[in-house]
Amino acid sequence: MVNNVDLEKALESFQKKYTVNEETGCWEWSGALGNGGYGQFGIPLIDGTYVSSSAHKFAYELKNGVVPKGLVIRHKCHRRNCVNPDHLSVGTNADNQMDRKKRVFKEKEQYEKDLAWLMGITGIKTHTKAHRLALRLLRRTISDSELKTIVDAARLI
Ligand SMILES: [Zn+2]
């Protein structure tokens, strides 16, 4: 944390800039997002000026103290705009990369399962359409009518 922070003002300002997601427990940043989707926070200083920081870094350091040199703050919830200090931990960059690899692998595995399931029950032969639907199923952005089509097809089996 930088020196000379106007802590009272900083806290007051910080608390106005996130909403709690009751489902996930994430504190979703409603202020500006910077590169990579991380929350940006202007920390007020005692002299009346501001210094820009990542919002999650501010939240983490407020609770745990300064991040040790060489370590990075990681989101255990994998949501970059989350500023809940309980969802943050420190680790190395290598930890971060390993985590990401595991996540991508798991997504791919789920996608393959969704795709096989979709092609099996709908009998969709065109690979591209099934691909598209499987991807959206994985991302949970499929529409109700599309899902109904799939379910109806499944009933016919
Ligand atoms: Zn979170």
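Notes on the structure in this doc start here. For clarity, every value in this text was computed on a predicted model and none was experimentally measured. (Residues numbered from 1 in each chain as written. Predicted model: local features only at pLDDT ≥ 70, side-chain atom pairs only at ≥ 80, totals over all residues.)

### Some remarks on the overall build of the chain
Note the cut-off: Helix numbers and strand numbers start at the N terminus; a helix is a DSSP run of H or I with at least 4 residues, a strand a run of E with at least 2. All radius of gyration figures rest on C-alpha atoms, and the globule criterion is 2.2 Å times the number of residues raised to 0.38. Here a residue counts as buried when 20 or more other C-beta atoms fall within 10 Å of its C-beta, as exposed when 12 or fewer do, and as partly exposed in between; the C-beta atoms come from the backbone. Each residue gets a C-beta atom placed from its backbone, and two residues are in contact if those atoms lie within 7 Å.
Along the chain, the regular secondary structure elements total five helices and six strands. Moving toward the C terminus, one meets the helices and strands of the chain in the order α-β-β-β-β-α-β-β-α-α-α. In terms of C-alpha radius of gyration, the chain reaches 22 Å, well past the compact-globule figure of 15 Å for 157 residues. Overall, the chain is about 70 × 30 × 25 Å in size when its C-alpha atoms are taken along their principal axes. Counting over 157 residues, the chain shows a buried share of 18%. Taking as baseline every contact in the chain between residues at least 6 positions apart, the subset at least 24 positions apart corresponds to 44%.

### Side note on the environment of M119
One can find M119 in helix α3 (residues 93-122). Judged by local crowding, M119 falls into the partly exposed class, with 18 C-beta atoms found within 10 Å. A sequence separation of 31 residues divides M119 from I150, and the C-alpha atoms of the two residues are 9.7 Å apart. Other than its neighbours up to four places away in sequence, M119 contacts I124 and A130.

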